[in-house]
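This is what each chain is made of:
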Amino acid sequence: MAMQTWESIGSIAWVGLELLATAAFALSGIVAAGRKHMDVVGACVVGFLSAFGGGTLRDLLIDRRPFFWVEHQSVLVGVLALCVLGVTFMRRRHIDLTEKAILWPDALGLGLFCASGLHLAASHGMPALVAIMMGVVTGAFGGVLRDMVCNEVPALLKDHRPYALCAFAGGCAYMTLQWAGAASLSCALACIGLTTGLRALALLRDWRLPSWHD
Amino acid sequence: MAMQTWESIGSIAWVGLELLATAAFALSGIVAAGRKHMDVVGACVVGFLSAFGGGTLRDLLIDRRPFFWVEHQSVLVGVLALCVLGVTFMRRRHIDLTEKAILWPDALGLGLFCASGLHLAASHGMPALVAIMMGVVTGAFGGVLRDMVCNEVPALLKDHRPYALCAFAGGCAYMTLQWAGAASLSCALACIGLTTGLRALALLRDWRLPSWHD
Amino acid sequence: MAMQTWESIGSIAWVGLELLATAAFALSGIVAAGRKHMDVVGACVVGFLSAFGGGTLRDLLIDRRPFFWVEHQSVLVGVLALCVLGVTFMRRRHIDLTEKAILWPDALGLGLFCASGLHLAASHGMPALVAIMMGVVTGAFGGVLRDMVCNEVPALLKDHRPYALCAFAGGCAYMTLQWAGAASLSCALACIGLTTGLRALALLRDWRLPSWHD
C-alpha cells in the first residue's frame, strides 16, 4: 500500500511535469506564429504541432495508436485554449519575453519527452539505435514541424547549438543502463537528468557545434 | 425499393458533388504550380496533394486503409489527367481566372470533405473534438500540404480569412446534432450547409479574423 | 544447388548496388546540408531523409512495417556515420565535386529503388497505377523531403529535367511485363534498365520538360 502511495505521488508529479513541458512547447509554437503574423488558426496549428508533433510523428513511425491527444482530449483542449488565449492577450513585446521564459521548461520537456518516447519505442520492440532516435524525435521534432510549417529552415538543423544531441546523449544513457539491468524508472531519470542537464549547460555556457570548413 | 431508389439518386448526387469538389481542389494545386513555374511533375504532385492530401493525412492519423485514391483508381487517373491537361493548355492569363472560378466549388468541397471526414473519424471511435479536427483536416489540409511543398507559409494559417474556422463551425453543428440523436444524413447536411454558407458569406462580405496587437 | 548459388550471388550483388545507391542518396543530403551551413544534426537529419525518406513514406502509405532502417540497423549506422564524416571532412570545395560524382550512382538508385518499391507495393495488393506511383515515391521522394526540410521548392517539381518521369516510364515497363506474365526478376531488371537508362540519357543530352506558356 505504501508502495502504491509513492507510485501514485510519482505519477502525479510526472503528469504535472509533462503538462508544464507541453505548455512550454505549445508556447514556442504561439511565439513562432506571432513572429509570422499568423491568425488564430495559424496559432492553433503551429501550437498543436509544437506540443504534439514530435510524439505524433513517433507514433506514426512505430505504428502506435491512439495518439496522446486522442487518448487525453482534455490536454488537447488545454493546448488549443492556450493558443487562442495567446493570440487574444499576447502583445508583440511579450513575444521575446515568452521565448526566454520557456527556455527552461523547454529543456525539461526535451528530457521528459525523450525518456517517454524511448520507453515506448523500446517496449514496441525497436532495436537500440532506433529507440534512441525515437526518443530524440519525440523530444525535438515538434520544433522541426513547427519551423517547417512556418517556412523556415528548422532551427534544430542549423543553429549550431546542442539540442537534439543532448537528447541523444540522454538516450544513450537510458539504453546503457537498461542493458546493465537497471529498472525502467532509473533509466528514465538518468535520461531526463543528462538531457536536461546538458541542455541547461549548453544554454548557460553558450556551447556551439563545430561548423563546415571552407 | 422506392427508398433504395432515393438512396441511389442521393449517392449519385453525392458522388457528383465530390468529383466537382475534387477537381476544384486539384485546380488550386495546378494554379499554385503554375505560379511557381513548375514542370508537369510538379503540377501532378501539387495537384495530387491539393486534391487528396487532406483525406490522406486524416487516414494516416486515424489509421484507415485503403486510401480513397487507392480504392477509386479512376478518380486518381482523372486528377492526374487534369494536371497534365492543365500544364499543356493553361496559359499564364488563365491562372487568375481559374483561381477566382474555383472559389465557389472550393467552398462546397470544404463542406463536403469536412462532413465526410468527420463521419469517418467518428465511426472509427474518435472522441468529439478529435473527430471535428479530422473533419477540418480533411477539408482544409490539402491546401496546407500544397503550400508547404510550394515553399510558402500556408495561406490557411496567415491570410486572416475564415476557412478552417468555417469547417470547425460546421463540424460543431454535426456533433451537436448527432449528440441530440439526429440521423447521420441530417448531421452531414447541416455540416455542409453551415460550412459552405459561412465560407460563402466570408468571401462575399470580405470577413477578416482579428490580428495580433502591438 | 547451382540455382541457389546463382540466386545468392545475385542477391549479394543486389545488396551491394542498393548500399551504393543508398550512400549516393545520403551524400546528396549531406551536400544540401552543407549548402545551407547546417550543423552535424542537420547533416544527419537531411542525410537520413534523402537516403530513407522515399522508402519510409512508401511504407507509411502502404502500411508496411518494419521500415528498412529498423530491420537493417547496420545500414542506418552506416548512413549516420557517413553524415558525421561528411561534416567532419568535407570542405566547401568538395560540395560541387560530390554533387557531380553522385549523379550516376543516383541514377542507378532511382532505378533500383523504383523497382523494389513497385514490387513491394504490388505484393501488398496495390492496383497498377498506385503501385507505379509507389515506385516513383520510393526512388524520388527522399529528395522531395530533403528539399522541403531545407526550405527549398523541391528540385523534382521545378527543375524541368526528367527524373520522376524516368521512374514512371520504368514502372510502366514493370507493370506491362508483369501483366504479360514475365517473372518478377525480368520485370525488375527491365524497370531498372529503362529508368536508369532514360535518366542517364536525360543527363547526357540535357533534356528539358516543356514549360508553361505565357
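These numbers were taken from a predicted model, which means no experiment stands behind them.

A. Up close: the interface of chain C and chain A. In this complex, chain C contributes 36 residues to the contact, which on the side of chain A involves 30 residues. With both sides pooled, the region where chain C packs onto chain A buries about 2600 Å², and carbon together with sulfur makes up 68% of that total. Between the two partners, chain C and chain A, sit 1 salt bridge. With a shortest N-O distance of 3.8 Å, C:R65 and A:D63 are connected by a salt bridge. The tally of links between chain C and chain A comes to 7 residue pairs in polar contact (both at pLDDT 80 or more). Breaking the side of chain C that touches chain A down by element, the ones donating at least two residues are α1 (2-35), α2 (40-62), α3 (68-71), α4 (73-89), α5 (92-101) and α7 (128-149) of chain C. Of the residues forming the side of chain C that touches chain A, the biggest block, 9 residues, is contributed by α2(C).

B. Highlighting the relation of the copies chain C and chain A. For the pair chain C and chain A, the relating rotation is 120°, the translation along its axis is 0.0 Å, and the fit reaches an RMSD of 0.0 Å. Overall, the copies show the geometry of a three-fold rotation axis. Rotation axis and chain C: the residue whose C-alpha lies nearest the axis is C:N151, separated from it by 3.7 Å. Mapped onto chain A, only 11% of the interface residues of chain C again fall at the interface, so the copies present different surfaces.

C. View of the packing of helix α2 (residues 40-62) of chain A against helix α4 (residues 73-89) of chain A. Residues and elements named next belong to chain A. It is the contact of α2 with α4, at a shortest axis distance of 9 Å, that shows an interaxial angle of 135°. For the element pair α2 / α4, the angle class is oblique. Two packed elements cross with a definite hand, and for α2 against α4 that hand is right-handed. Residues V40, A43, C44, G47, F48, A51 and F52 of α2 lie in contact with α4, whose contacting residues are V75, L76, V79, L80, C83, V84 and V87. A breakdown of the residues in the contact of α2 with α4 according to their chemical character gives 13 nonpolar, 1 polar and no charged.

D. Here's a closer look at the side chain of C:D59. Residues and elements named next belong to chain C. Structurally, D59 can be placed in helix α2. Of the polar contacts made by the side chain of D59, one reaches the side chain of R58; its length is 2.8 Å. Those residues in contact with D59 that lie beyond four places of it in its chain are R64, R65, P66, F67 and F68.

E. Representation of the environment of C:P127. By the element assignment, C:P127 lies in the loop between α6 (103-123) and α7. When the C-alpha positions of C:P127 and C:R208 are compared, they lie 30 Å apart, and in sequence the two are 81 residues distant. Look past the residues within four positions of C:P127 in its chain and what remains in contact with it is B:V70 and B:Q73.

F. Looking closely at α4(C). All names here are of chain C. The first and last C-alpha atoms of α4 sit 24 Å apart over 17 residues, in line with the 24 Å expected at 1.5 Å per residue. Residues V75, L76, V79, L80, C83, G86 and V87 constitute the buried set of α4. Along α4, the residues classed as buried sweep out an arc of 135° about the axis, all on the same side. Along α4, exposed side chains directed more than 90 degrees from the buried face belong to S74 and F89.

G. Molecular detail of the packing of helix α2 (residues 40-62) of chain B against helix α7 (residues 128-149) of chain B. All names here are of chain B. Running from amino to carboxyl end, α2 crosses α7 at an angle of 130°, the nearest separation of the two axes being 7 Å. The orientation of α2 with respect to α7, classified from their angle, is oblique. For the crossing formed where α2 meets α7, the hand is right-handed. Between α2 and α7, the contacting residues are V46, L49, S50, G53, G54, G55, L57, R58, L61 and I62 on the first element and M134, V137, T138, F141, G142, L145, R146 and V149 on the second. Considering only residue class, the contact of α2 with α7 consists of 10 nonpolar, 6 polar and 2 charged.

H. Representation of the nonpolar core in the model. If you look at the biggest cluster of nonpolar residues, it comprises 206 residues, and the most contacted ones within it are A:W69, B:W69 and C:W69. Setting aside anything within four residues of it in sequence, one finds C:W69 in contact with A:V130, A:M133, A:M134, C:F48, C:F52, C:T56 and C:L76.

I. A look at the environment of A:K158. All names here are of chain A. For K158, the location among the structural elements is in helix α8 (residues 155-158). A residue is classified by how much of its surface remains accessible, and K158, at 35% relative accessible area, is partly exposed. For the pair K158 and A121, spaced 37 residues apart in sequence, the C-alpha separation works out to 27 Å.

J. Expanded view of the interface of chain B and chain A. Taken together, the contacts link 30 residues of chain B with 36 residues of chain A. The junction of chain B with chain A conceals about 2600 Å² of combined surface from both sides, 69% of it contributed by carbon and sulfur atoms. The largest per-residue losses of area from chain B upon contact with chain A belong to B:L61, B:L157 and B:W212, which jointly make up 31% of the total buried on that side. Counting across the interface, chain B meets chain A through 1 salt bridge. The interface formed by chain B and chain A holds 7 residue pairs in polar contact (both at pLDDT 80 or more) in total.

K. Structural view of a nonpolar patch on the surface. There is a patch of nonpolar side chains on the surface, built from A:L103, A:W104 and A:L204 and spanning about 310 Å² of accessible area. Mapped onto the fold, A:L204 is located in helix α10 (residues 184-205).

L. The confidence of the model for chain A, seen in detail. Across chain A, the average pLDDT comes to 93, with 98% of residues at 70 or higher. The complex model carries a pTM of 0.95, and its ipTM stands at 0.93.

M. View of the packing of aromatic side chains. Under the criterion given, the structure shown has 15 aromatic pairs over all chains. Between B:F48 and B:W69, the aromatic rings sit 5.0 Å apart at their centres with planes inclined by 80°, giving edge-to-face as the arrangement. Separated by 21 residues along the polypeptide, B:F48 in helix α2 and B:W69 in helix α3 (residues 68-71) bring together distant segments of the chain. The class of B:W69 is buried, set by a relative accessible area of 2%. The structure contains a cluster of three or more aromatic residues connected by ring pairs, namely A:F48, A:F52, A:F67, A:F68 and A:W69.

N. Structural detail: the pattern of salt bridges. A complete count under the given rule lists 30 salt bridges over all chains for this structure. A salt bridge links C:R146 to C:D147, with the shortest nitrogen-to-oxygen separation between them at 2.9 Å. Overall, C:R146 belongs to the buried group, its relative accessible area being 16%. Judged by relative accessible area, which is 9%, C:D147 ranks as buried. Each of A:D63, A:R65, B:D63, B:R65, C:D63 and C:R65 takes part in a single network of salt bridges with overlapping partners.

About the cut-offs
Residues numbered from 1 in each chain as written. Chains lettered and ligands numbered in written order. Predicted model: local features only at pLDDT ≥ 70, side-chain atom pairs only at ≥ 80, totals over all residues. Heavy atoms only, no water. Contact = heavy atoms within 4.5 Å. Buried area = accessible area lost by both parts, 1.4 Å probe. Salt bridge = Lys/Arg side-chain N within 4 Å of Asp/Glu carboxyl O. Polar contact = N/O pair within 3.5 Å; in protein donor to acceptor, adjacent residues only side chain to side chain. Helix = DSSP H or I, 4+ residues; strand = E, 2+ residues; numbered from the N terminus. Least-squares fit on C-alpha atoms with pLDDT ≥ 70 in both. Axes fitted to C-alpha atoms, helices over the stretch in contact; angles between N-to-C directions. Parallel < 35°, antiparallel > 145°, perpendicular 65-115°, else oblique. Left-handed = near helix turned anticlockwise from the far one by under 90°. Nonpolar A, V, L, I, M, F, W, Y, C, P; charged D, E, K, R; others polar. Expected span 1.5 Å × (residues − 1). Buried < 20%, exposed > 50% of the residue type's maximum accessible area, 1.4 Å probe, protein only. Arc of directions from axis to C-beta. Core = buried A, V, L, I, M, F, W, Y, C linked by side-chain atoms within 4.5 Å. Patch = residues over 30% accessible without salt bridge, like charges linked within 9 Å, V, L, I, M, F, W, Y side chains within 5 Å. Areas by Shrake-Rupley, 256 points an atom, 1.4 Å probe, with all protein chains shown as cover. pLDDT = per-residue confidence, 0-100. Phe/Tyr/Trp six-rings, centres within 6.5 Å; stacked < 30°, edge-to-face > 60°.

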